[in-house]
Amino acid sequence: MIFGKNYRDIEFEDIERLVNNKISESRTLDYKKEISIEKGEDRKEFLYDICSFVNTEGGVIIYGISELKDEEQRNTGIPEAICGIKDNFDKLIQKIEDLIKTSIEPNIFNITIKHLSKDNKNILFIGLPKSLGLPRMVTYNSTNKFYRRRNSGKYLVDIYELNQMFMESFETFKSLEEFRTNRLNKIRKGEYISNVNPRNLTLLHISPISFFQFNQLSLTELGIQESIHTVLKPMTRGGWESRYNFEGLLIFNYDNERDEITAYNQIFRNGIIEFCTHLFHEKLDENILYLGWLELQIIESVNKALQLYKTLDVSPPFVVHLTITDLLNRKIDPPKTIHLINTRPFITNDLLIPNIVINDFDENIEKKLSTIFNIIWQSAGCRKSPHFNDIGERIK
């Protein structure tokens, strides 16, 4: 972010503010007077710049900014003026997108590339996220190099730091898996909310990687509270209420007859959202998991969470975990409109399903979640979810 604004909301006036206030280059900010990606060596340098940000903390590169010089006429990293660049920006942006897509592995998602203009001066703005998962490598012309960034600029990563980068990626996913396990244990032991049924749980966690490690939601702001209360309804329920708690903000449905909370959403201060209900397989006499209903509710809940994150300017990527407990010997309720579905009883009691990663707000969420749903159906003896075709598209 710049001045608390998401990259997609940056305007020319924000760049003017950086220049007028003489905001110096840093690990997350770089100024360039011009851009050139026509020749091989220029392309390599451009790609090294991109990778250096993504492999560090993310950040922005702004083209069309001249820098103050020192006594030896070297750039100081302090902006002097908006000099602007001249180009066909539609074609330039397309070239940049193609070059990044074909010359860096794994792919980088959620890049913001904007042409900003005012008073006949044109700027190119590139906003880059911090990478999730494996470090990004420049593969252009078999280069195969990893770069990171410090305040003074980019540098080539040595083997020792590269090993550390791989370990950092592993630790992020490990910490989220531990969070899921700890939450499940806490709920089952009644250490979270006493009147939540600790059995037959469906637990959905959505974690914003770029946010939860270093940031906190300001839950005291009325606008944020209203957005959460409006967007996030508990799974399976039509009415709900909310309250603050130690963890953050709780939205829940309370059943007076049962004297229990049947479904809730917990919004943690670090941005993680937890959806919980036991209504998909609560009836012991039926011994059924209503998986078709569950699929629809999970899709809706993930979409609602992404809608909220977008409103709150919390950027991708997001890690999704789904957990379903107490399934042993239950069967899936077969779809009424689909024949030849021969499900078998679950032989695994608790499904702690491997995570999926949503890299962009524009991803096909149904297709992404089909991987999770297929695992559940396979756990009941089926090849895949009958609600999706073989390429992961939901059958309407």
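You'll find the structure just up there.
Below or above, wherever it landed, is the structure these notes cover. As the structure is a computational prediction, the values presented were derived from the model and not from experiment.

## A closer look at the overall build of the chain
Helix and strand counts for the chain stand at eight helices and 19 strands. A principal-axis box enclosing the C-alpha atoms of the chain has dimensions of 80 × 45 × 40 Å. Per-residue burial for the chain yields a buried fraction of 51% across its 396 residues. Within the chain, residue pairs in contact and separated by at least 24 positions form 68% of the contacts whose partners lie at least 6 positions apart. Put simply, the chain shows about 19400 Å² of open surface, and 47% of that area lies on carbon and sulfur atoms.

## Some remarks on the pairing of strand β9 (residues 147-150)
By the bridge criterion, four bridges tie β9 to strand β10 (residues 153-156) in an arrangement that is antiparallel. Bridge pairing links Arg 150 to Gly 153 in β10. Hairpin connection of β9 to β10: two residues between the antiparallel strands.

## Some details on the sheet that holds strand β1 (residues 29-32)
Taken together, four strands build an open sheet; the order of strands is β1-β2-β7-β6 and the sheet is mixed. At either margin of the open sheet sits one strand with a lone partner, and together these are β1 and β6 (112-118). The mean angle between the axes of side-by-side strands here comes to 20 degrees, regardless of whether they run parallel or antiparallel. Helix α3 (residues 89-103) contacts β6 and β7 (121-128) of the sheet and is inclined by roughly 20 degrees relative to β7.

## Some words on the packing of helix α6 (residues 222-231) against helix α7 (residues 291-311)
For the pair α6 and α7, the least separation of the axes is 10 Å and the interaxial angle reads 165 degrees. Judged by the inter-axis angle, α6 sits roughly antiparallel to α7. Handedness of the α6/α7 crossing: right-handed. Between α6 and α7, the contacting residues are Ser 227, Ile 228 and Val 231 on the first element and Lys 304, Gln 307, Leu 308 and Thr 311 on the second. Its residues placed into classes, the contact of α6 with α7 shows three nonpolar, three polar and one charged.

## Digging into the packing of aromatic side chains
Scanning the entire structure with this criterion turns up eight aromatic pairs. Each ring, one from Tyr 48 and one from Tyr 147, has its centre 4.2 Å from the other, and the planes form 20 degrees; the classification is stacked. Here the residue Tyr 48 occupies a position in helix α2 (residues 40-54), and Tyr 147 occupies one in strand β9, the gap between them amounting to 99 residues. Centroid distance Phe 280 to Trp 293: 5.0 Å. Interplanar angle 80 degrees. Geometry classified as edge-to-face. Highlighted residues: Phe 280 in the loop between β15 (273-277) and β16 (288-289) and Trp 293 in helix α7, separated in sequence by 13 residues. With relative accessibility at 0%, the residue Phe 280 sits in the buried group.

## Here's the deal with the packing of α2 against α3
Two elements in contact, α2 and α3, have axes whose closest approach is 11 Å; the angle formed by their N-to-C orientations is 75 degrees. Judged on the interaxial angle alone, α3 and α2 are roughly perpendicular. Residues Arg 43, Phe 46, Leu 47 and Ile 50 of α2 form the contact with α3, whose participating residues are Ile 96, Leu 99, Ile 100 and Ser 103. Its residues assigned to classes, the contact of α2 with α3 shows six nonpolar, one polar and one charged.

## Here we look at the nonpolar core
Side chains of a nonpolar character, in soluble globular proteins, are inclined to be buried together. Grouped together as the largest cluster of nonpolar side chains are 49 residues, with contacts concentrated most on Leu 294, Leu 369 and Ile 376. Elements represented by at least two residues in this core include exactly β11 (202-208), α6, β13 (248-255), β15, α7, β17 (318-324), β19 (351-358) and α8 (365-379). The element best represented in this core is α7, accounting for nine residues. The residues touching Ile 376, leaving out its near neighbours within four places in the chain, are Leu 289, Leu 291, Leu 294, Leu 322, Ile 324, Ile 332, Phe 346, Leu 351 and Ile 353. Among the nonpolar cores identified, the runner-up in size contains 27 residues, and Ile 35, Ile 37, Ile 50 and Ile 126 belong to it.

## Some remarks on the sheet that holds strand β12 (residues 241-244)
An order of β12-β13-β14-β15-β11-β17-β19 is seen for the seven strands of this open sheet, with the pairing classed as antiparallel. At either margin of the open sheet sits one strand with a lone partner, and together these are β12 and β19. The sheet shows a mean angle of 15 degrees between the axes of neighbouring strands, direction not considered. Relative to β17, β11 runs antiparallel, the two being bridged by seven bridges. For Thr 202, the partnering residue across the bridge sits in β17 and is Ile 324.

## A short note on the pattern of salt bridges
In the structure shown here, the tally under the stated rule is 25 salt bridges. Taking the shortest distance from any N to any O, the salt bridge between Lys 154 and Asp 49 comes out at 2.9 Å. In this pair, Lys 154 is assigned in strand β10 and Asp 49 in helix α2, connecting sequence segments 105 residues apart. On the basis of relative accessible area, Asp 49 is assigned to the buried category, the value being 6%. One salt bridge connects Asp 255 with Arg 258, and the closest N-O pair in it is separated by 3.6 Å. On the basis of relative accessibility, which here comes to 39%, the residue Arg 258 falls in the partly exposed class. Ionic contacts of the salt-bridge type, sharing partners, join the residues Asp 30, Lys 32, Glu 45, Asp 49, Arg 149 and Lys 154 into one network.

Parameters at a glance
- Counting from 1, residues in each chain are numbered in the order their sequence is written.
- Predicted model: local features are reported for residues with pLDDT of at least 70 only, side-chain atom pairs are reported and counted for 80 or more only, and whole-chain, interface and lining totals are derived from all residues.
- Only hydrogens and water are set aside when side-chain values are computed; all heavy atoms of the structure are taken into account.
- Only DSSP runs of H or I with at least four residues qualify as helices, and only runs of E with at least two residues qualify as strands; both kinds are numbered from the N terminus onward.
- Relative accessibility decides the category of a residue: with a 1.4 Å probe and only protein chains considered, values under 20% of the type maximum give buried, values over 50% give exposed, and everything between is partly exposed.
- Contact between two residues is taken to exist if any of their heavy atoms lie within 4.5 Å; hydrogens are not considered.
- Here the open area of atoms and residues is found with the Shrake-Rupley method and a 1.4 Å probe, where only the protein chains shown may cover a residue.
- Paired strands, as defined in this entry, are two strands with at least two bridges between them according to DSSP.
- Here an angle of 0 to 180 degrees is reported between the N-to-C directions of two axes, which are lines fitted to C-alpha atoms, with helices fitted over the stretch in contact.
- In these notes the angle categories are as follows: under 35 degrees is roughly parallel, over 145 is roughly antiparallel, 65 to 115 is roughly perpendicular, and the rest is oblique.
- By definition, turning the near helix anticlockwise from the far helix through less than a right angle yields a left-handed crossing, and turning it clockwise yields a right-handed one.
- Residues are grouped as follows: nonpolar covers Ala, Val, Leu, Ile, Met, Phe, Trp, Tyr, Cys and Pro; charged covers Asp, Glu, Lys and Arg; every other residue, Gly included, is treated as polar.
- Here the aromatic set is Phe, Tyr and Trp, taking the six-membered ring for Trp, and pairing holds for ring centres within 6.5 Å; pairs whose planes are under 30 degrees apart are stacked, those over 60 apart are edge-to-face, and all others are tilted.
- Only buried residues count toward a nonpolar core. Its members are Ala, Val, Leu, Ile, Met, Phe, Trp, Tyr and Cys residues joined through side-chain atoms within 4.5 Å.
- One side-chain nitrogen of Lys or Arg within 4 Å of one carboxyl oxygen of Asp or Glu is enough to make a salt bridge.

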